[in-house]
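Chains, contacts and geometry: an overview
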Amino acid sequence: MERERVLEVKDAAKRFRNGRGIKGVSLELSRGDVYGLFGPNGAGKTTLLKLITGLIRPDRGTVHLFGKPAATRFEEAMSRVGCVIESADAYEFMSAYDNLKLAARFYPGIAAGRIDQALEEVGLAPYKKEKAGGFSLGMKQRLALAAALLPGPELVILDEPTNGLDIEGMVDIRRTIERLAREQGIAFIISSHMIGDMEKLVNRFGILQGGELIRQERLQDLLPEGTTLEQYYMAQIQSKKEADAYA
Ligand SMILES: Nc1ncnc2c1ncn2[C@@H]1O[C@H](COP(=O)(O)OP(=O)(O)OP(=O)(O)O)[C@@H](O)[C@H]1O
């Protein structure tokens, strides 16, 4: 049976004044997919995520969320999406619970008890009364994820969720995402530089380079025996650089 289509980006382009941006990107995500968005610094990953969440408008192309055009049915579409883009900042002087209470004001009609449930889902329930200022980076990332989970989203967009985390923090976030995708069928799109770590998590991935999606694959069966995703990634980036040099 075909899984429900959660996101469809068609031929999206955005060019900034400095000539950078993204060029003709198309991608699709279905329920339960965990999609890794990889690429060098400045490749356009954050730009693409911002475009999906309506933070910037494309010059060209379309974004459909749950089968509906995001441009005209934005609020309806975004009520089913959670995102953490660019910063996982919390109000340091407030408790984890109060941070989420504040975030919950963006989602009218949220069920009572949802805050506790979201804290439970990311493993922060025992720390709910503690001030976020005393949290480790990993705990702050989990708190930001909890805020994104508040509306009970079907798609979660995460920009560099493991950036700056130690190994334990990375494994922790990865396991949380894995569980949410498996148990709740939530689709994730995650930008990251931590390719080795993401290999264990994603079922699909795309490589952005110079604003173009140069590769888009299903992880299963892709890698020859003994090859890591990191090696595959480096080979793709290198061959695009060589192709561009000869063009
Ligand atoms: N608002 C903006 N105005 C002008 N240029 C921008 C703007 N936002 C992004 N850019 C440019 O677009 C390019 C892509 O940036 P983006 O942040 O999407 O890359 P990224 O792949 O997320 O990089 P990183 O891995 O470093 O976070 C960069 O060269 C950046 O300078």
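Residues numbered from 1 in each chain as written. Predicted model: local features only at pLDDT ≥ 70, side-chain atom pairs only at ≥ 80, totals over all residues.

**Topic: the overall build of the protein chain**
When helices and strands are counted, the protein chain shows 8 helices and 10 strands. A globule of 247 residues ought to have a C-alpha radius of gyration of about 18 Å, and the protein chain, at 18 Å, matches this closely. When its C-alpha atoms are laid out on the principal axes, the protein chain stretches across 60 × 45 × 45 Å. Taking all 247 residues of the protein chain together, 40% fall into the buried category. Put simply, of all contacts in the protein chain between residues at least 6 apart along the chain, 71% involve residues at least 24 apart. (Helix = DSSP H or I, 4+ residues; strand = E, 2+ residues; numbered from the N terminus. Rg over C-alpha atoms; globule rule 2.2 N^0.38 Å. Buried ≥ 20, exposed ≤ 12 C-beta atoms within 10 Å, placed from the backbone. Contact = placed C-beta atoms within 7 Å.)

**Examining the domain arrangement of the protein chain**
For an interface, size is often stated in terms of accessible area lost upon the parts coming together. Splitting the protein chain by domain gives domain 1 (5–80 + 153–246) and domain 2 (88–151). In this assembly, 11 residues from domain 1 lie in contact with 12 residues from domain 2. Considering each element in turn, the side of domain 1 that touches domain 2 owes the most residues, 5 residues, to helix 6 (residues 167–184). (Domains from an automatic or database assignment.)

**Structural notes on the packing of helix 5 (residues 137–149) against helix 6**
Between two packed helices, what matters for the description is the angle formed by their axes and the separation of those axes. Contact pair helix 5 / helix 6: the axes reach a minimum separation of 9 Å and the direction vectors enclose 20°. In terms of axis orientation, helix 5 runs roughly parallel to helix 6. Regarding helix 5 and helix 6, the two cross each other, and that crossing is right-handed. On the side of helix 5, the interface is formed by Leu 137, Gly 138, Gln 141, Arg 142 and Leu 145, while helix 6 contributes Gly 169, Asp 172, Ile 173 and Thr 176. Class assignment of the residues belonging to the contact of helix 5 with helix 6 gives a composition of 3 nonpolar, 4 polar and 2 charged. (Axes fitted to C-alpha atoms, helices over the stretch in contact; angles between N-to-C directions. Parallel < 35°, antiparallel > 145°, perpendicular 65-115°, else oblique. Left-handed = near helix turned anticlockwise from the far one by under 90°. Nonpolar A, V, L, I, M, F, W, Y, C, P; charged D, E, K, R; others polar.)

**Let's talk about helix 1 (residues 45–52)**
Along helix 1, 7 of the 8 residues are buried, which leaves the element largely enclosed by surrounding structure. Taken residue by residue, helix 1 has Lys 45, Thr 47, Leu 48, Leu 49, Lys 50, Leu 51 and Ile 52 as its buried positions. Directly beyond the C-terminal end of helix 1, a positive phi value near 80° is found at Gly 54.

**A closer look at unusual backbone geometry**
Phi is positive for Asp 11, close to 50°, though the residue is something other than glycine. For Asp 11, a count of 12 C-beta atoms within 10 Å corresponds to the exposed category.

**Some points on the environment of Leu 155**
Tracing the backbone shows Leu 155 in strand 7 (residues 155–159). Each C-alpha atom of the pair Leu 155 and Ile 214 lies 24 Å from the other, and the pair is 59 residues apart in sequence. If we skip the residues at most four places from it in the chain, Leu 155 touches Val 6, Leu 7, Arg 80, Val 81 and Ala 187.

**Digging into the sheet that holds strand 1 (residues 5–15)**
The strand order across the open sheet built from 4 strands is 2-1-4-5, with neighbouring strands paired in antiparallel fashion. Of all the strands in the sheet, the pair left with one neighbour each is strand 2 (21–30) and strand 5 (68–69). Two strands pair when backbone bridges link them, and strand 1 and strand 2 are joined in this way by 7 bridges, in the antiparallel orientation. Within strand 2, the residue paired with Arg 5 across the bridge is Ser 30. Along the sheet face, helix 1 touches strand 1, strand 2 and strand 4 (60–65) and points at about 120° away from the line of strand 1. (Pairing = 2+ DSSP bridges.)

**As for the site of the ligand**
Neighbouring the ligand are the residues Phe 16, Asn 18, Arg 20, Gly 21, Gly 39, Asn 41, Gly 42, Ala 43, Gly 44, Lys 45, Thr 46 and Thr 47. The greatest single-element share of the shell around the ligand, amounting to 3 residues, is contributed by helix 1. Split into classes, the residues belonging to the shell around the ligand amount to 2 nonpolar, 8 polar and 2 charged. (Near = placed C-beta within 6 Å.)

**Some points on the nonpolar core**
The biggest cluster of nonpolar side chains holds 68 residues, and the ones touching the most others in it are Leu 100, Leu 143, Ala 146, Ile 157 and Phe 188. Looking at this core element by element, the count peaks at 8 residues for helix 5. Both domains that meet at this core, namely domain 1 (5–80 + 153–246) and domain 2 (88–151), each give it at least three residues. Dropping the residues within four chain positions of it, Leu 143 is found in contact with Ala 90, Ala 96, Asn 99, Leu 124, Ala 132 and Phe 135. (Core = buried A, V, L, I, M, F, W, Y, C linked by C-beta atoms within 7 Å.)

**Thoughts on helix 5**
Given a rise of 1.5 Å per residue, 13 residues ought to cover 18 Å, and the 18 Å separating the end C-alpha atoms of helix 5 matches this to within 8%. Taking burial as the measure, the 13 residues of helix 5 include 12 buried ones, the bulk of the element. Along helix 5, the positions that sit buried rather than exposed are Gly 138, Met 139, Lys 140, Gln 141, Arg 142, Leu 143, Ala 144, Leu 145, Ala 146, Ala 147, Ala 148 and Leu 149. Turning to helix 5, the residues buried within the fold contact strand 6 (81–84), helix 3 (96–104), helix 4 (114–121), strand 7 and helix 6. (Expected span 1.5 Å × (residues − 1).)

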